[in-house]
Every structure is written in structure tokens, then in C-alpha cells.
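Next come the chains, spelled out residue by residue.
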Protein chains: 2
Amino acid sequence: MSHNHDLEESLVLTPKFDAAGLVTCVATDAASGDVLMVAHMNAEALQKTIASGEAWYYSRSRGALWRKGESSGQTQRVVELRLDCDQDAVWIRVEQTGAACHTGRRSCFYRAVATGQGDSTTLTFVDADRLFDPAKVYGA
Amino acid sequence: MSHNHDLEESLVLTPKFDAAGLVTCVATDAASGDVLMVAHMNAEALQKTIASGEAWYYSRSRGALWRKGESSGQTQRVVELRLDCDQDAVWIRVEQTGAACHTGRRSCFYRAVATGQGDSTTLTFVDADRLFDPAKVYGA
């Protein structure tokens, strides 16, 4: 393994952006601990998140900076932001207004696969109730 | 936004691997909800994780499949595995033996940045006690 001791023990924010200029961000519900979504931040999204305490992301599909909830109203207030050992991933614990997923579910992770029982390729819905109607929130 | 309704509502496992053949995997502590690590799985790592109920990853730096804990003994038993809306991210809730991070910490996310107070580039250690000595576990 190639590890960088200085980076691991440093108390200076030194994000390690990938070739596309992004770090991975995991948002969890500050109350339940559930993972709400996995998305990406560029340098500006990370800076704005830190400065404002509201979650900003970078949309790879739209190629644009994006304040979470700017279209849907489903904002995320950041309770805590952490960096991982090699500073290429960010974890934010958030207070989620409504639902994090564009499908209207609280979390993007609303399907599970059975584990430890051999190969399985069947998903089952878990916590998959919709808190909003995407057609109404995002328009036609 | 470009979304795929069929993929979002499908109950068939159809992972969307990136150009390198990987999906992002977030491992959280099944008891505390803390994010332990963010890593990657290729198709074989995902299949082995599902079949065995033990976490397998793909190391980008080593270019190799990797059973979590095979060197360190710090294994992860998977309690639940979920896929996100577009099936390019995996969330596993795990029972972590010892520490997830190669630095000896329980979680890779042992440093925080203050948020909502303007720009900050200073990290502070959080839950950063070492549960093992990396030099002893991984050898010289």
C-alpha cells in the first residue's frame, strides 16, 4: 500500500481531488446515521459547504455546481464535516429537510440485497416510501 | 438531470460500474452509524461480498481484489447491503472487528473541519485514538 503519513496526520485541509477535480462526499442523517446519498464536490462546492454550513455539490451529469435543495427545497444543514485519512473523501452529517433522493425517498439507498446466502441478484425495497412526488417538485 | 426510471425502480441488481469497472462503497458501523471508510468494489468484490457476507474491496493503488482484514485481521461482517438510486454506489452496514482505518483508528474519518463559520482550512482530531499500532499489524 502507498500511504502518505504527512497527509494522514496533517491538521491542514489538503483535499486530494481526482483527475476530474472531485472528491467523493457521503451525506448521513445526523439523527439516524443512515446514509442519505453519495455525491461529489469540486473545490468550490467544498469551500461553499464549509463556509456556509449548507451542502453544495458538483453534478457530474450537469457539469455544474449545485446547492442541495435549490430546485427541490430539500436542503441539508451540515452538523459536522470530516475528511478521511488520505483526504479524498468527505463525510457530512446533515439535518435533511424532507428527502435527499430525487425519487422522493428519504435516502437514495432504498433497496437491499441479501448477503451471506450465496449469490443474490434480487433487490428488495427498504424504507422506500416517497416523501414527495418528483413530478410535482421538479416539474414536467 | 438525466435519470433512468427503470434502473431506479428495478428489483434486479444492475450495478453501474464506472470506466474503471468500479462502484463506490461506503461502510458504516452497524451499531453507531459512523462512516468507517469509503472504498471501491469491482464486480468480483461485490459478488464475493454478497455471497460471503464479508466485505471485499478492490484496491486501486494495488490493482488487486482485497478481503478486508486479510492482512490486519480487522474484518467486516456485512449486516446489510444496499444500492443507491442509480446503482453506482453501495452502502454496507458492518460489524467491524477492531479498526477500519490502516492508521489504526476505528474510522478513516478522524478529522473534522468547522462549518458555517466562513472559510476554514484547519482540521481537528475527532475519535482519533488508535486501536492498533500500524507498524506492528502491517509489519516493517
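What this report covers is the structure whose coordinates are included nearby. Counting restarts for each chain: residues are numbered from 1 in the order of the written sequence. A letter from A marks each chain and a number from 1 marks each ligand, given out in the order of writing. In keeping with the predicted nature of the model, local features appear solely for residues at pLDDT of at least 70, side-chain atom pairs appear and are counted solely at 80 or more, and the whole-chain, interface and lining totals rest on all residues. For side-chain calculations, the full set of non-hydrogen atoms in the structure is used, while hydrogens and water are omitted.

Further remarks concern the overall build of chain A. The helix count covers DSSP runs of H or I at least four residues long, the strand count covers runs of E at least two residues long, and both are numbered beginning at the N terminus. Counting its secondary structure elements, chain A contains three helices and eight strands. Counting helices and strands in the order they occur from the N terminus, chain A gives α-β-β-α-β-β-β-β-β-β-α. Its C-alpha atoms give chain A principal-axis dimensions of roughly 45 × 40 × 30 Å. Burial classes: relative accessible area under 20% of the type maximum marks a residue as buried, over 50% as exposed, and values in between as partly exposed (1.4 Å probe, protein chains only). Counting over 140 residues, chain A shows a buried share of 52%. Contacts: residue pairs with any heavy atoms within 4.5 Å of one another. By sequence separation, contacts in chain A at least 24 residues apart represent 42% of the contacts at least 6 residues apart. Total accessible area computed for chain A in this model is approximately 6,100 Å², and 49% of it derives from carbon and sulfur atoms. Only four residue types enter the tally: Lys and Arg on the positive side, Asp and Glu on the negative side; His and the chain ends are excluded. Where a charge lies is defined by one atom per residue type, namely NZ (Lys), CZ (Arg), CG (Asp) and CD (Glu). Here chain A carries 14 positive and 18 negative side-chain charges, and the mean point of each set is 9 Å from the other. Each accessible area is a Shrake-Rupley result for a 1.4 Å probe, and residues are judged covered by the shown protein chains and nothing else.

So, about the environment of D133 of chain B. Residues and elements named next belong to chain B. By the element assignment, D133 lies in the loop between β8 (123-125) and α3 (134-138). For D133, a relative accessible area of 38% translates into the label partly exposed. Within the structure, the side chain of D133 is placed 2.9 Å from the backbone nitrogen of A135, a separation counted as a polar contact. What qualifies as a polar contact is a pair of N or O atoms within 3.5 Å, subject to a donor-acceptor requirement within protein and to the restriction that residues adjacent in sequence count only when both atoms come from side chains.

Residue and element names in this part refer to chain A. Of all seven residues that make up strand β2 (residues 35-41), seven are buried, and the element is covered over most of its length. Strand pairing is assigned whenever DSSP identifies at least 2 bridges connecting the two strands. For strand β1 (residues 23-29) and β2, the ladder comprises six bridges, and the chain directions are antiparallel. Among the inter-strand pairings, T24 is bridged to a residue of β2, identified as H40. In this antiparallel pair of consecutive strands, β1 and β2, the connection spans five residues, and G33 shows a positive phi of 80°.

When the copies are superposed, the least-squares fit draws on C-alpha atoms of residues that have pLDDT of at least 70 in both. Placing chain B over chain A gives an RMSD of 0.0 Å and needs a rotation angle of 180°, together with 0.0 Å of translation along the axis. The relationship between the two copies is best expressed as a two-fold rotation axis. Residue G33 of chain B of chain B places its C-alpha closer to the rotation axis than any other residue of that unit, at 2.2 Å.

What follows deals with the sheet that holds strand β6 (residues 89-96) of chain A. Taking strand neighbours across the sheet as the criterion, the six strands line up as β2(A)-β1(A)-β6(A)-β5(A)-β7(B)-β8(B) in an open arrangement whose pairing is mixed. Unpaired on one side and paired on the other, β2 of chain A together with β8 of chain B mark the two borders of the sheet. The mean angle between the axes of side-by-side strands here comes to 30°, regardless of whether they run parallel or antiparallel. Here strand β7 (residues 111-113) of chain B pairs with β8 of chain B via three bridges, running antiparallel. As a rule, the C-alpha atoms of each element are fitted with a line to give its axis, helices using only the stretch in contact, and angles between N-to-C directions run from 0 to 180 degrees.

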